[in-house]
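# Observations on the model geometry
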Amino acid sequence: MLTWKEIINFTTKGNPTPDKRVEKSEKEWRTQLTAEQFRITRQKGTERPNSGALCSIYDEGQYNCVCCNTPLFDSTIKFDSSSGWPSFTQPVKENAIKYHKDISFGMIRVEVMCNTCDGHLGHVFPDGPEPSGLRYCINSESMVLDKNE
């Protein structure tokens, strides 16, 4: 189980190595993604609070990167943080997520990206529930829910 200390270490000492890499040109990403998915994942945008389709969905399944389909989060660790974005306590694998110190907007935060394709997902904060204490605050547009059927 990842801790806040380990996440901070990733931002300063380097991220875990992903299982694979997916790299495409901007034109290829624009062709594959909707305009809003592109804005969020490739241009580090954010959707408005409570506007994402996955905010209030708690169906069983796996949340995959909308860009490269890499598994990111499992529905069993999703929780209602009342933040306005889907929230999770842990990624499915330690190397699924890439961490970057974000100093935009006059704040210090930790940006989270897909470690396979560098797609922007959202941010992680140390104010989540136990046992990890983590809250991965993720844009709905950056994920697709693969339901267990």
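Structure first, text after, so check above.
Given the structure is predicted, the values throughout are model-derived calculations rather than measurements.

### Thoughts on the sheet that holds strand β2 (residues 71-74)
What the three strands build is an open sheet, ordered β2-β1-β9; its pairing is antiparallel. Taken across any chain shown, the strands that pair with only one partner, and hence form the sheet edges, are β2 and β9 (143-147). Averaged over all pairs of adjacent strands, the angle between strand axes in this sheet comes to 30°, irrespective of strand direction. Where strand β1 (residues 61-65) and β9 come together, five bridges link them in antiparallel fashion. Bridge pairing in β9 links Gly61 to Lys147.

### What about the sheet that holds strand β7 (residues 120-125)?
Within a sheet, adjacent strands bond to each other through the backbone by hydrogen bonds, running parallel or antiparallel. Across the sheet, which stays open at both edges, the six strands sit in the order β3-β4-β8-β7-β6-β5 with antiparallel pairing between neighbours. Only two strands of the sheet have a single neighbouring strand rather than two, namely β3 (78-79) and β5 (97-102). In the sheet, β3 pairs with strand β4 (residues 87-88) via two bridges, with the strands oriented antiparallel. Note on β4: the bridge partner recorded for Phe79 is Ser87. Across the sheet, helix α1 (residues 4-13) touches β5, β6 (109-114), β7 and β8 (135-138), and the angle it forms with β5 is around 75°.

### A few points about the packing of aromatic side chains
The final tally for this structure, using the stated rule, is five aromatic pairs. Judged by centre distance (4.4 Å) and plane angle (15°), the ring pair of Phe73 and Phe88 falls under stacked. Pair noted here: Phe73 is in strand β2 and Phe88 is in strand β4, with a separation of 15 residues, a long-range link. Relative accessible area serves as the criterion here: at 0%, Phe88 is assigned to the buried category. A network of ring pairs unites the aromatic residues Phe10, Tyr63, Phe73, Phe88, Tyr99 and Tyr136 as a single cluster.

### Quick look at the pattern of salt bridges
Side chains bearing opposite charge may pair, as long as their charged atoms lie close to each other. For the structure on display, the rule yields 10 salt bridges. The residue Arg21 makes a salt bridge to Asp118 at a minimum N-O spacing of 3.0 Å. Remark: Asp118 occurs in the loop between β6 and β7 and Arg21 occurs in the loop between α1 and α2 (26-32); sequence separation between them is 97 residues. Overall, Asp118 belongs to the partly exposed group, its relative accessible area being 25%. Through salt bridges with shared partners, a single network forms among Arg21, Glu23, Lys98 and Asp118.

### Topic: the pairing of β8
Burial along β8 is two-sided: Arg135 and Cys137 facing one way and Tyr136 and Ile138 facing the other are all buried. Looking at chain direction, β7 and β8 are connected through four bridges and run antiparallel. Within the sheet, the bridge partner assigned to Phe125 lies in β8 and is Arg135.

### Regarding unusual backbone geometry
Residues Glu130 and Pro131 are joined by a peptide bond in cis, for which omega reads 10°. Of note, Pro131 is situated in the loop between β7 and β8. Here the phi dihedral of Ser82 falls at roughly 60°; this positive angle occurs in a residue that is not glycine. Take Ser82: it is sitting in the loop between β3 and β4. The exposure class assigned to Ser82 is exposed, which follows from its relative accessible area of 67%.

The rules behind each value
- Residues numbered from 1 in each chain as written.
- Predicted model: local features only at pLDDT ≥ 70, side-chain atom pairs only at ≥ 80, totals over all residues.
- Heavy atoms only, no water.
- Pairing = 2+ DSSP bridges.
- Helix = DSSP H or I, 4+ residues; strand = E, 2+ residues; numbered from the N terminus.
- Axes fitted to C-alpha atoms, helices over the stretch in contact; angles between N-to-C directions.
- Contact = heavy atoms within 4.5 Å.
- Phe/Tyr/Trp six-rings, centres within 6.5 Å; stacked < 30°, edge-to-face > 60°.
- Buried < 20%, exposed > 50% of the residue type's maximum accessible area, 1.4 Å probe, protein only.
- Salt bridge = Lys/Arg side-chain N within 4 Å of Asp/Glu carboxyl O.

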